[in-house]
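Read off the chains here:
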Amino acid sequence: QIRIQQELTKEKISYFEKIDAQIKFASTSDMEDILQELKKDGYLPKEKNQNNKKNKPKVYTPHYLYSNDGFKIGFGISSYQNETLTFELARKDDYFLHIKDSHGPHVIIFSNDPSKEAITLACEVALYFASKTSGEVILLDKKDVKKVPGKIGMVTFSSHQTITINSI
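The text that follows walks through the structure, step by step, so that each part is easy to find. Remember, it's a predicted structure, so these values are computed and weren't measured experimentally. (Residues numbered from 1 in each chain as written. Predicted model: local features only at pLDDT ≥ 70, side-chain atom pairs only at ≥ 80, totals over all residues. Heavy atoms only, no water.)

1. Re the overall build of the protein chain
Secondary structure summary: the protein chain contains four helices and eight strands in total. The order of α-helices and β-strands along the protein chain, N terminus first, is α-α-β-β-α-β-β-α-β-β-β-β. Its C-alpha atoms give the protein chain a radius of gyration of 17 Å, near enough to 15 Å, the size a compact globule of 168 residues would have. Each principal axis of the C-alpha atoms in the protein chain carries an extent, and together these give about 50 × 45 × 25 Å. With 168 residues in all, the protein chain has 38% of them scored as buried. Sequence separation of at least 24 residues holds for 59% of the intrachain contacts in the protein chain that already meet a minimum separation of 6. Only carbon and sulfur atoms are counted for the fraction: they give 51% of the accessible area of the protein chain, which is about 10400 Å². With 24 positive and 22 negative side-chain charges, the protein chain shows a separation of 8 Å between the mean positions of the two kinds. (Helix = DSSP H or I, 4+ residues; strand = E, 2+ residues; numbered from the N terminus. Rg over C-alpha atoms; globule rule 2.2 N^0.38 Å. Buried < 20%, exposed > 50% of the residue type's maximum accessible area, 1.4 Å probe, protein only. Contact = heavy atoms within 4.5 Å. Areas by Shrake-Rupley, 256 points an atom, 1.4 Å probe, with all protein chains shown as cover. Lys, Arg positive; Asp, Glu negative; His and termini not counted. Charge placed at Lys NZ, Arg CZ, Asp CG, Glu CD.)

Below, the structure is given as structure tokens:
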């Protein structure tokens, strides 16, 4: 029973470390997404619908930038933005990047053949929004990324390439 409780505690610590990393870079809109996730996961009380009307579905808008050579790169600050970016906006042959073995943004390069410059920039974005200046970033085709059922923004994957960035 103690081991089970230790594992549950480790999962909760990991969850709150993820939330902490997201808050560091969150805009007001991003914070609304994070608050909604905390409510959904039972860490904050849910608001009661006072008018008993159905709420419009929330649109989660990831962030975008372009490499100097014109490749569009998207990234999420919140788990909901990560989910939208990876599973609604990215095509199967786009590139997916994520910091290795840590919480951080999903980063998508909207291309099946990006330049080395675009890949490097995307790696730097993954590291920066994970509050790291160097580290390993995984790179794979989006088609090889699968949702973790019941966990917003969490994914699994098998084969991938690892890119090491020494400093930003």
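The rest of the description comes next.
2. Here's the deal with the pattern of salt bridges
Pairing is possible between side chains that carry opposite charge, provided their charged atoms lie close to one another. All chains considered together, the criterion is met by eight salt bridges. Between Lys143 and Asp141 there is a salt bridge, with the nearest N and O atoms lying 3.8 Å from each other. (Salt bridge = Lys/Arg side-chain N within 4 Å of Asp/Glu carboxyl O.)

3. A short note on the pairing of strand E1 (residues 63–66)
Relative to strand E2 (residues 72–75), E1 is paired through four bridges, and the arrangement is antiparallel. Across the sheet, residue Tyr66 finds its bridge partner in E2, namely Lys72. Hairpin connection, E1 to E2: the antiparallel pair is bridged by five residues, and Gly70 has positive phi, about 95°. (Pairing = 2+ DSSP bridges.)

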